[in-house]
Amino acid sequence: MTSLVLVEHEGGQVKDATLATVTAATKLGDVHLLVAGQGVGAVTEAAAKIAGVGKVLAADDASLAHNLAENVAPLVAGLMASYDAFVTPATTTGKNIAPRVAALLDVMQISDILSVEGADTFTRPIYAGNAIATVKSSDAKKVITVRTTAFEKAAASGGSGTVETVTGAGDKGISSFVGAELSKSERPELTSAKIIVSGGRAFGSSDQFHSLLDPLADKLKAGVGASRAAVDAGYAPNDYQVGQTGKIVAPEVYIAIGISGAIQHLAGMKDSKTIVAINKDEDAPIFQVADVGLVGDLFKIVPELTEKL
Amino acid sequence: MKLLVAVKRVIDFNVKPRVKADGTGVDLANVKMSMNPFDEIAVEEAIRLKEKGAATEIVAVSIGPAKAQETLRTALAMGADRAILIQTDDEVEPLAVAKLLAKVTEEEQPGLVILGKQAIDDDSNQTGQMLAALLGWPQGTFASKVELSGDKVDVTREVDGGLETVKLSTPAVVTTDLRLNEPRYASLPNIMKAKSKPLATKAPADYGVDTAPRLQTLKVAEPPKRSAGVKVADVDELIGKLKTLGVVA
Ligand SMILES: Cc1cc2nc3c(=O)[nH]c(=O)nc-3n(C[C@H](O)[C@H](O)[C@H](O)COP(=O)(O)OP(=O)(O)OC[C@H]3O[C@@H](n4cnc5c(N)ncnc54)[C@H](O)[C@@H]3O)c2cc1C
Ligand SMILES: Nc1ncnc2c1ncn2[C@@H]1O[C@H](COP(=O)(O)O)[C@@H](O)[C@H]1O
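Below is a summary of the structure that appears in this document. (Residues numbered from 1 in each chain as written. Chains lettered and ligands numbered in written order. Predicted model: local features only at pLDDT ≥ 70, side-chain atom pairs only at ≥ 80, totals over all residues. Heavy atoms only, no water.)

### Remarks on the interface of chain B and chain A
Which entries qualify depends on this criterion: Any two residues whose heavy atoms approach within 4.5 Å are treated as being in contact. Buried surface area refers to the total accessible area, computed with a probe of radius 1.4 Å, that the two partners give up upon joining, counted for both partners together. For this analysis, a salt bridge means a side-chain nitrogen from Lys or Arg found within 4 Å of a carboxyl oxygen belonging to Asp or Glu. In protein, a polar contact requires one atom able to donate a hydrogen and another able to accept it; more generally it is a pair of N or O atoms within 3.5 Å, and residues adjacent in sequence count only if both atoms are side-chain atoms. Strands here mean DSSP runs of E at least two residues long; helices mean DSSP runs of H or I at least four residues long; both are numbered from the N terminus. Any two strands between which DSSP finds at least two bridges are classified as paired.
If you look at the interface, chain B gives 77 residues, while chain A gives 83 residues. Among the residues chain B hides against chain A, the three largest losses belong to Asp160(B), Arg214(B) and Arg226(B). Together they make up 12% of the total. Viewed at the interface, chain A and chain B are joined by 6 salt bridges. One salt bridge connects Arg214(B) with Asp139(A), and the closest N-O pair in it is separated by 2.7 Å. Applying the counting rule to chain B against chain A returns 47 residue pairs in polar contact (both at pLDDT 80 or more). Only helix H3 (94-108), helix H4 (127-135), strand E7 (139-149), strand E8 (152-159), strand E9 (162-169), strand E12 (215-221), strand E13 (230-232) and helix H6 (235-244) of chain B provide two or more residues apiece to the side of chain B that touches chain A. With 8 residues, the single largest contributor to the side of chain B that touches chain A is E9(B). As paired elements, strand E18 (residues 292-295) of chain A and E13(B) share 3 bridges and run parallel to each other. Residue pairing in the sheet places Leu294(A) in a bridge with Val232(B) of E13(B).

Have a look at this one:
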């Protein structure tokens with residue numbers, strides 16, 4: 001069985017999410033990669049070095065520059081004649097493209113897999129991770145998105161894949177990229193950070209969110225996350241949101257501050273190795289999952305913690 | 001322009017789901033059910049487009065059991081004009097839902113179909129993208145802003161790195177993210193009025209769509225449980241713990 005994995009890349013580099021996805025796909029058999037974009041020479045070279053990769057298909061075209069699903073999906077669907085599975089990370093890019101491919105192939109996608117139990121059997125979270133379903137696909141070809149926190153990253157080097165050029169159908173002419181407002185940060189990306197400090201509604205304002213959390217994150221070299229309530233209130237940008245419908249993270253240490261621990265939030269962080277919670281309400285649900293809890297006022301605790309670290 | 005909105009009846013987001021002891025699924029007996037929160041946002045967005053004069057009629061569609069009528073009545077009470085229930089007691093997977101919605105779309109010819117980005121029960125996040133593929137239409141997924149102008153629609157999308165805007169030609173499919181809008185509550189008079197708005201009931205067979213599942217659920221289990229740990233008394237003790245964890249030197 002051979003899988004085609006869509007490479008997620010930015011600035012000429014392969015993203016970590018792809019490496020975990022390769023590991024998941026390896027459990028199904030041989031792995032080939034697809035690099036789609038414009039000016040993808042460097043990424044293609046990097047992709048060919050990923051351990052365990054047999055072949056890299058490079059599709060270089062202006063119509064593929066911004067991952068527009070309308071243009072990428074038909075390219076993939078065309079290539080799938082030679083593959084048994086199409087696998088992407090469950091990132092916003094993967095979640096945008098994979099179901100479009102699945103429908104073109106008339107197969108039911110298996111979203112967000114946590115494990116590969118067999119060639120056609122997988123586990124996946126449902127109901128905000130409050131239940132884990134084992135599902136068996138009867139489709140001849142599989143379309144799969146991968147929860148990247150559930151798989152080790154494949155080594156980025158050591159492989160020696162061959163490179164082949166492929167061409168898509170070009171621009172469908174029904175969509176175009178207008179622009180992006182990407183958060184710039186010197187901090188580690190949430191999905192690969194070793195430590196995350198995360199703030200909730202309790203911070204009360206954007207100023208307090210940043211003036212309290214940023215110095216703490218600096219001391220710990222941590223990424224910064226937020227609850228939905230904090231994002232909705234404008235304390236932090238949308239890409240900070242951790243949860244069922246935000247980012248799924250599993251760092252070594254997750255420090256939840258002024259976050260109550262709603263099931264939708266827990267869904268995004270409860271696989272963290274160690275959870276630390278700071279909350280003034282000793283009955284806050286977050287304490288039910290925290291390894292270390294401190295009951296008290298964050299406005300006192302956070303500055304003291306930052307200073308003493 | 002006509003708008004089509006897809007609404008699913010799901011477990012209420014405030015309820016903590018419980019896995020059935022026999023491992024066949026999640027216990028939904030006597031559990032509060034509501035409209036999928038992302039679909040409320042979809043209905044709200046449609047109403048706002050109509051209020052702005054950009055749309056003329058809103059049709060809400062649900063695929064599900066007879067009780068999904070309640071979900072459609074909620075959509076009507078919020079401001080949708082009419083509703084279609086494609087009634088079935090079987091579980092219908094996103095691919096089949098997308099096929100049914102594609103048929104309804106061909107019949108109704110809307111300029112936009114608005115769906116939630118994700119149903120909070122199956123957490124699939126795929127129906128809208130599948131529908132767009134089946135129709136050959138563009139898709140604006142995870143939308144936090146939708147702006148119609150002429151025969152184009154600009155959709156700002158919540159992506160992993162921040163926000164991204166795409167321009168789509170209409171007709172198009174849009175899926176909603178949390179920050180697109182804040183859905184209104186239906187007023188009592190509107191709830192009363194909704195009772196007399198048209199609601200058509202159909203069956204999957206009326207559309208000639210095969211809804212046989214492609215995925216078989218072998219087992220549903222509880223996730224590994226985390227047990228509550230220790231409480232520390234103060235910041236010094238917390239730092240002590242962080243040290244034993246190797247987080248700080
Ligand atoms: C469809 C849907 C999807 C959702 N997806 C997500 C998601 O992906 N991620 C997510 O996070 N949420 C999500 N939510 C929202 C979720 O249900 C909660 O509303 C949200 O997580 C609450 O955020 P919070 O804990 O910051 O706020 P609150 O629940 O208001 O909690 C604030 C906490 O701060 C504590 N506190 C207050 N003052 C202080 C102080 N001075 N010092 C210390 N502690 C203090 C309080 O005791 C309380 O526990 C979703 C909801 C829906 C309906
Ligand atoms: N049975 C259904 N009836 C109506 N709409 C649905 C149904 N299932 C899914 N949808 C729509 O598709 C969206 C995404 O669902 P899903 O792909 O299952 O996560 C939902 O938010 C709804 O708008």
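### Describing the site of ligand 1
Stated formally: The criterion for a residue being near a molecule or strand is simple. One of its heavy atoms has to lie within 4 Å of it. Surface accessibility follows the Shrake-Rupley procedure with a 1.4 Å probe radius. Residue values consider only the protein chains on display as shielding. Think of it as three bins: nonpolar holds Ala, Val, Leu, Ile, Met, Phe, Trp, Tyr, Cys and Pro, charged holds Asp, Glu, Lys and Arg, and polar takes everything else, Gly as well.
Around ligand 1, 29 residues are found, and the nearest of them are Arg201(A), Ser227(A), Val242(A), Ser260(A) and Gln264(A). Looking at the residues close to ligand 1, they fall on chains A and B. Val242(A) has a polar backbone atom sitting 2.8 Å from a nitrogen atom of ligand 1. In the environment of ligand 1, an oxygen atom lies 3.4 Å from a nitrogen or oxygen atom belonging to the backbone of Gly246(A). Protein burial of ligand 1: of its 980 Å² of free accessible surface, 85% is covered by the chains. Within the residue set of the shell around ligand 1, elements represented by two or more residues are helix H6 (228-232), helix H7 (263-269) and helix H8 (298-308) of chain A together with helix H1 (37-51) of chain B. Of the residues assigned to the shell around ligand 1, the class counts are 11 nonpolar, 13 polar and 5 charged.

### Notes on a nonpolar patch on the surface
Note the cut-off: Like-charged residues within 9 Å of one another, or nonpolar side chains (Val, Leu, Ile, Met, Phe, Trp, Tyr) within 5 Å, are grouped into patches, provided each residue has over 30% relative accessible area and no salt bridge.
A surface patch of nonpolar side chains, about 300 Å² in accessible area, is lined by Leu188(B), Ile191(B) and Met192(B). Summarising the element assignment, Leu188(B) is placed in helix H5 (residues 188-194).

### Points about the sheet that holds strand E12 (residues 162-165) of chain A
Residues and elements named next belong to chain A. Filter applied, for reference: Every angle, taken between N-to-C directions, lies between 0 and 180 degrees, and every axis is a line fitted to C-alpha atoms, over only the stretch in contact when it is a helix.
Strands sit in the order E7-E11-E6-E1-E4-E5-E12 across an open sheet of 7 strands; the sheet is parallel. Every other strand in the sheet has two partners, leaving strand E7 (110-113) and E12 as the edge strands with one partner each. Taking the axes of each pair of neighbouring strands and ignoring which way they run, one obtains an average angle of 25 degrees across the sheet. Where strand E1 (residues 2-6) and strand E4 (residues 30-37) come together, 5 bridges link them in parallel fashion.

That's the geometry; what it means functionally is another story.
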